[in-house]
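An overview of the molecular structure
The primary structure of each chain is shown beneath.
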Amino acid sequence: MKSGPLAIVGYMGSGKSTVGRIVARQVGWEFVDLDEVVAERAGLSITEIFDSLGERAFRRLESEALGKMLGGERVVACGGGVVEEPRNRSLLSQVNTVFLWEDTEILWRRTRGTDRPLRGEDYEEFSRRYSERLPYYLEVAALQVEVYERPPEDVAREIVAWLRE
Ligand SMILES: Nc1ncnc2c1ncn2[C@@H]1O[C@H](COP(=O)(O)OP(=O)(O)OP(=O)(O)O)[C@@H](O)[C@H]1O
Ligand SMILES: O=C(O)C1=C[C@@H](O)[C@@H](O)[C@H](O)C1
Ligand SMILES: [Mg+2]
C-alpha cells in the first residue's frame with residue numbers, strides 16, 4: 001500500500017470531488033475538498049472570492065490550503081486550476097497524484113449551468129484553458145486515469161488498486 005496523501009487533479013467537472021470521496025471511504029482516509037477548505041478559511045464562497053478578491057487572491061489562498069492539507073492519510077480533491085502555480089506543481093509532484101483525464105466536450109456539457117467562475121460560456125476558451133493546463137496535469141501525475149464516461153465507482157476502483165500495489 002502506498003502511503004498518503006493522495007491528490008486528485010483534473011479539469012473542471014472531471015469528477016475529482018466525486019471520485020475522491022469514494023476512494024477515501026474505501027481506503028479509510030480522510031477526504032478533503034480543497035475548494036471547500038479555501039471557501040471555509042476565507043468565509044466566502046469560491047464565486048464570492050473570485051468576484052470580490054480576484055483570481056490572484058484565490059490562487060494564493062488555494063496554495064496556502066494545499067500546503068496545509070497535503071499530508072498524512074488524506075485524499076485531497078484539488079481545484080481544477082491548482083496546477084497553475086509552480087509551487088503547487090512542485091508539492092503535487094512529491095506525493096501520489098492522480099490525473100482524471102476526461103474529454104473536453106463531456107466536461108463542457110457536464111459543467112453547464114453550474115457555479116464555476118472560470119467555466120464561462122465560450123467553448124473555445126474553455127477548451128484552450130484545458131489544453132494549456134494539460135502538460136501541467138501530466139507533469140505532476142504519477143497515475144493518469146482515463147475517465148471517458150466510466151462511472152465514478154470504476155475510476156475509484158482503478159485508483160484504489162494502484163494505491164494498494
Ligand atoms: N465519471 C463520471 N460520470 C458521470 N458523471 C460524473 C462523473 N464524475 C463526476 N460526475 C458528475 O459531474 C459533476 C462534477 O463532478 P465533481 O464535482 O466531482 O467534479 P470536480 O472535478 O470536483 O469539479 P471542480 O473542478 O469544479 O471541483 C457532478 O455532478 C458529478 O456527479
Ligand atoms: O479550473 C479552475 O481554475 C477552478 C476550478 C474550481 O475547482 C475552483 O477551484 C475555481 O472555480 C477555479
Ligand atoms: Mg471539485
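All figures in this text were calculated on a predicted structure; none of them were measured in a lab. (Residues numbered from 1 in each chain as written. Chains lettered and ligands numbered in written order. Predicted model: local features only at pLDDT ≥ 70, side-chain atom pairs only at ≥ 80, totals over all residues. Heavy atoms only, no water.)

Before going further, it helps to spend a moment on the site of ligand 2. The local shell around ligand 2 consists of M12, D35, I46, F50, F58, R59, G79, G80, G81, P117, L118 and R133. Between an oxygen atom of ligand 2 and a main-chain N or O atom of G80, the distance comes to 3.2 Å. Residue R133 places a side-chain N or O atom 2.8 Å away from an oxygen atom belonging to ligand 2. At the level of elements, α3 (46–52) and α4 (55–69) are the ones that each hand at least two residues to the shell around ligand 2. Each residue belonging to the shell around ligand 2 can be placed in one class, and the counts come to six nonpolar, three polar and three charged. (Near = heavy atom within 4 Å. Polar contact = N/O pair within 3.5 Å; in protein donor to acceptor, adjacent residues only side chain to side chain. Helix = DSSP H or I, 4+ residues; strand = E, 2+ residues; numbered from the N terminus. Nonpolar A, V, L, I, M, F, W, Y, C, P; charged D, E, K, R; others polar.)

Neighbouring residues of ligand 1: 16 residues in total, closest K16, S17, T18, R116 and R150. Between ligand 1 and G15 there is a distance of 3.0 Å, counted from an oxygen atom to a backbone nitrogen or oxygen. Between an oxygen atom of ligand 1 and a side-chain N or O atom of T18, the distance comes to 2.5 Å. Here ligand 1 has 640 Å² of accessible area as a free molecule, and 71% of this is covered by the chains. Residue contributions to the shell around ligand 1 peak at three residues, all from helix α1 (residues 16–27). Residues belonging to the shell around ligand 1 are distributed by class as follows: five nonpolar, six polar and five charged. (Areas by Shrake-Rupley, 256 points an atom, 1.4 Å probe, with all protein chains shown as cover.)

Moving on, we get to the side chain of R133. By the element assignment, R133 lies in helix α7 (residues 123–140). Residue classification places R133 among the buried residues on the basis of a relative accessible area of 2%. (Buried < 20%, exposed > 50% of the residue type's maximum accessible area, 1.4 Å probe, protein only.)

The next point concerns the UniProt feature "binding site: substrate" (unreviewed entry) in the chain. In the numbering adopted here, UniProt assigns the feature "binding site: substrate" (unreviewed entry) to D35, R59, G80 and R133. Inspection of the secondary structure puts G80 in the loop between β3 (74–77) and α5 (86–93). The class for G80 is buried, based on a relative accessible area of 13%. At 2.8 Å, the side chain of R133 forms a polar contact with the side chain of E84. (UniProt positions renumbered as here; feature names shortened; annotations may be inferred.)

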